[in-house]
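Close look at the chain arrangement
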Amino acid sequence: MSKQRGLWVAILLIFVLAMTTWHVWNTESKLDSVWKNWSPAGKSANFKILKRQKLLIKQGAKTTLLIAATSDLHGTLTSTRLLPRPRPRGLLHLVQKVRQLRANNPELILLDAGDTIQGDPSSFYFSHIVREKLRPLPIIEVMNRLKYDAIALGNHDFEPPVSVLKQNIAQSNFSWLAANVRFQNAKQPLFPPYKILIRNGVRVGVLGLITPGVPLWIDPEQRKGLIFDEMLETAKYWVKVLREEENIDFLIGLFHSGDNTRYDQDVASARDLPYPNAAGMIADYLPVFDLIISGHAHRISPKRRTNQLNGHQTPLVAPGTAAEGLSTVLVNFEEQSGHWKITET
């Protein structure tokens, strides 16, 4: 009987040892990611929170900001279809418009809400077939020339080989933002969460967020080790930093996420993922942003000039896809009690 008991104890010990070894191996395997120990280069490098002093504003001063935004370019420079489209497509057809805006407003803020480098045949060719290591993808070259200030990462930006995304981040003359992407077990985001700009005497904070629905669409190897956090709680944390430590005057939410909360929610909740389209929810339940730029849904809103952006508690614009639209927002300010107050949008 004692021999039999000893045999069972030995079997149990072997089983426990095997399970412990498997757990350690499995944990290391999960962390063995192409993103491990990586940090952004170029304009996205060396993010740091700075406790800035409030900008001094001259009594009675007035100023303006012009913000222009694209989204979901998907590498599109021009239309590649033989059949006619209802409206022009591709970033090249906006070049003259952007240059004209900048000529009239040298302090223009130019942004993009993500899904930038994957989709167009030219981007696919230079990402997957003939890799060009000394130059960024054609869409990034054009964006560099147009002097974009910042873009938010989109889910499709994780589709090309990871080395392509890393290279294009390094070769961009603008920042790639994603406050809610972090490496497993890390507390700080992998990418810069925000960008600070000073234009026409106004300190602007641009907070970038990506849809947490990335696991619905992107291959596990491409995102191995990455966590995509819920957007609303992430926004609450960084808004506090931007308002209280960076002392910004104007806050822009640059979100690769649609404003219809119900869209894709069923499939996301089936996999225990947060709302993939949370831009509208943030606009309504966290109305501390001065402007939200919403991508991902390929929707243009508004479609014509207006002095009133309706639909949410926070002004929200959606530039559409493939440069079919260019959202432009003109904001007027005047000094009141030492602060900039928005008088008209």
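Below, the structure is looked at part by part. The structure presented is a predicted model; accordingly, all values stated were derived computationally and were not measured. (Residues numbered from 1 in each chain as written. Predicted model: local features only at pLDDT ≥ 70, side-chain atom pairs only at ≥ 80, totals over all residues. Heavy atoms only, no water.)

Moving on, we come to the overall build of the protein. Helix and strand counts for the protein stand at 9 helices and 14 strands. Expressed as a percentage of its 345 residues, the buried residues of the protein come to 50%. Taking the intrachain contacts of the protein between residues at least 6 apart in sequence as the baseline, contacts between residues at least 24 apart amount to 76%. Summing over all exposed atoms, the protein offers an accessible surface of approximately 17800 Å²; the carbon and sulfur share of this is 53%. (Helix = DSSP H or I, 4+ residues; strand = E, 2+ residues; numbered from the N terminus. Buried < 20%, exposed > 50% of the residue type's maximum accessible area, 1.4 Å probe, protein only. Contact = heavy atoms within 4.5 Å. Areas by Shrake-Rupley, 256 points an atom, 1.4 Å probe, with all protein chains shown as cover.)

Here the structure, examined in full by the defined rule, presents 1 cavity of 30 Å³ or more. Space inside the largest cavity adds up to approximately 50 Å³. Taken together, 13 residues line the largest cavity, and the ones lying closest to its centre are S294, G295, A297, R299 and A318. Of the residues belonging to the lining of the largest cavity, the class tally is 3 nonpolar, 7 polar and 3 charged. (1 Å grid on protein atoms, 1.4 Å probe; cavity = no way out; pocket = protein on both sides within 12 Å on 5 of 7 lines; lining within 4 Å. Points joined across faces, edges and corners; volume = space filled by probe spheres on them. Nonpolar A, V, L, I, M, F, W, Y, C, P; charged D, E, K, R; others polar.)

Inspection of the entire model under this criterion finds 10 salt bridges. The salt bridge involving R52 is made with E246; its shortest N-O contact spans 2.3 Å. Taken together, the residues R52 in the loop between α1 (2–31) and β1 (62–70) and E246 in the loop between α7 (231–244) and β9 (250–256) connect sequence positions 194 residues apart. Notably, a salt bridge pairs E141 with R135, separated by 2.6 Å at the nearest N-O pair. Looking at E141, the relative accessible area reads 22%, which means it is partly exposed. (Salt bridge = Lys/Arg side-chain N within 4 Å of Asp/Glu carboxyl O.)

Together, F124, Y125, F126, I129 and V130 make up an exposed nonpolar region whose accessible area comes to about 440 Å². Turning to its location among the elements, Y125 is positioned in helix α3 (residues 121–129). (Patch = residues over 30% accessible without salt bridge, like charges linked within 9 Å, V, L, I, M, F, W, Y side chains within 5 Å.)

Neither face of strand β10 (residues 291–294) is left uncovered, since the one carrying L291 and I293 and the one carrying I292 and S294 both have all their residues buried. Here β9 pairs with β10 via 4 bridges, running parallel. Bridge pairing in β10 links I252 to L291. Where β10 and strand β12 (residues 316–319) come together, 2 bridges link them in parallel fashion. (Pairing = 2+ DSSP bridges.)

Take the sheet that holds strand β3 (residues 150–152) next. As summarised here, the arrangement of the 6 strands in space is β4-β3-β2-β1-β13-β14, forming an open sheet in which the pairing is mixed. The open sheet has two edge strands with one neighbour each: β4 (175–177) and β14 (339–344). Averaged over all neighbouring strand pairs, the angle between strand axes comes to 30 degrees, with direction disregarded. In this structure, β3 lies alongside β4, joined through 3 bridges in parallel fashion. From the neighbouring strand, A150 faces β4, where its bridge partner is S175. (Axes fitted to C-alpha atoms, helices over the stretch in contact; angles between N-to-C directions.)

Spatial strand order, β6-β7-β9-β10-β12-β11: 6 strands in an open sheet with mixed pairing. Looking along the sheet, the strands with just one partner apiece sit at the ends: β6 (194–199) and β11 (300–301). As paired elements, strand β7 (residues 202–210) and β9 share 7 bridges and run parallel to each other. Of the residues in β9, the one forming a bridge with L207 is G253. Against the sheet, α7 contacts β6, β7 and β9, and its axis sits at roughly 160 degrees relative to β7.

The next point concerns α7. Here α7 spans 20 Å end to end across 14 residues, near enough to the 20 Å set by a 1.5 Å rise per residue. Inspection of α7 places M231, L232, T234, A235, W238, V239, V241 and L242 among the buried residues, and these make up the whole buried set. On its buried side, α7 packs onto β6, β7, β9 and α9 (279–285). Its side-chain oxygen at 3.1 Å from the backbone nitrogen of L232, E230 defines the N-terminal cap of α7. (Expected span 1.5 Å × (residues − 1). Polar contact = N/O pair within 3.5 Å; in protein donor to acceptor, adjacent residues only side chain to side chain.)

Aromatic ring pairs are defined here through the distance separating the ring centres and the angle between the ring planes. Under the definition given, this model contains 16 aromatic pairs. Aromatic side chains F333 and W340 sit 6.2 Å apart centroid to centroid with 65 degrees between the ring planes, which places their arrangement in the edge-to-face category. In this pair, the class of F333 matches that of W340, namely buried. Ring pairs connect the aromatic residues W35, W38, F158, F191 and F228, which therefore count as one cluster. (Phe/Tyr/Trp six-rings, centres within 6.5 Å; stacked < 30°, edge-to-face > 60°.)

Let us now look at unusual backbone geometry. Cis rather than trans, the peptide bond between S301 and P302 has omega equal to -5 degrees. Relative to the helices and strands, P302 is located in the loop between β11 and β12. With phi around 60 degrees, A323 is a residue other than glycine that occupies positive phi space. Inspection of the secondary structure puts A323 in the loop between β12 and β13 (327–336).

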